Amino acid sequence: MPIPGVENLSDEAKKWLAHAIAGMTVADGEVDSSELAHLREAIGFLDDKGEVEQLMSEVREHHVGDLPPQQMEKRQAFAILKELAKLAVADRVLSASEE
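Cut-offs used in this document
Residues numbered from 1 in each chain as written. Predicted model: local features only at pLDDT ≥ 70, side-chain atom pairs only at ≥ 80, totals over all residues. Heavy atoms only, no water. Helix = DSSP H or I, 4+ residues; strand = E, 2+ residues; numbered from the N terminus. Buried < 20%, exposed > 50% of the residue type's maximum accessible area, 1.4 Å probe, protein only. Contact = heavy atoms within 4.5 Å. Areas by Shrake-Rupley, 256 points an atom, 1.4 Å probe, with all protein chains shown as cover. Axes fitted to C-alpha atoms, helices over the stretch in contact; angles between N-to-C directions. Parallel < 35°, antiparallel > 145°, perpendicular 65-115°, else oblique. Left-handed = near helix turned anticlockwise from the far one by under 90°. Nonpolar A, V, L, I, M, F, W, Y, C, P; charged D, E, K, R; others polar.

(A) Molecular detail of the overall build of the chain. Along the backbone of the chain there are four helices and zero strands. Counted from the first residue to the last, the chain has its helices and strands arranged as α-α-α-α. Burial statistics for the chain: of 99 residues in total, 41% are counted as buried. In the chain, of all internal contacts separated by at least 6 residues, the share reaching a separation of at least 24 is 71%. Carbon and sulfur atoms provide 54% of the accessible area of the chain, an area that totals close to 6200 Å².

Below is the structure:
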């Protein structure tokens, strides 16, 4: 399910969001097929499909770098938080590192 308003983000903000989603996917140290499927759908807003594949590879290798803080409006921040929460429980297990 697309994140509301993502089409209004700058390319830089979209890349930041995609990396945040990828980081949440690897937060528990385990990545299963349902998380990978949800990730691919969640970052489908990226125009550069090579970047999508790069992020997918980083997630499979459990290596996604840290992100600097990003400024955004509250409504968009809430939509992103909601998407990250869905990713955290995609495998039906909420680990301590995902809390």
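Let's pick the thread back up.
(B) Inspection of the packing of helix H1 (residues 11-25) against helix H3 (residues 49-60) at higher detail. Relative to each other, H1 and H3 sit at 25°, their axes nearing to 10 Å. Taken together, the axes of H1 and H3 are roughly parallel relative to one another. Between H1 and H3 the crossing geometry is right-handed. Counted together, Lys-15, Ala-18, His-19, Ala-22 and Thr-25 of H1 and Glu-51, Leu-55, Glu-58 and Val-59 of H3 form the full contact between these two elements. Residue composition of the contact of H1 with H3, grouped by class: four nonpolar, two polar and three charged.

(C) A look at the environment of Met-24. Along the chain, Met-24 turns up in helix H1. In this structure, the C-alpha to C-alpha distance between Met-24 and Glu-35, residues 11 residues apart in sequence, is 9.9 Å.

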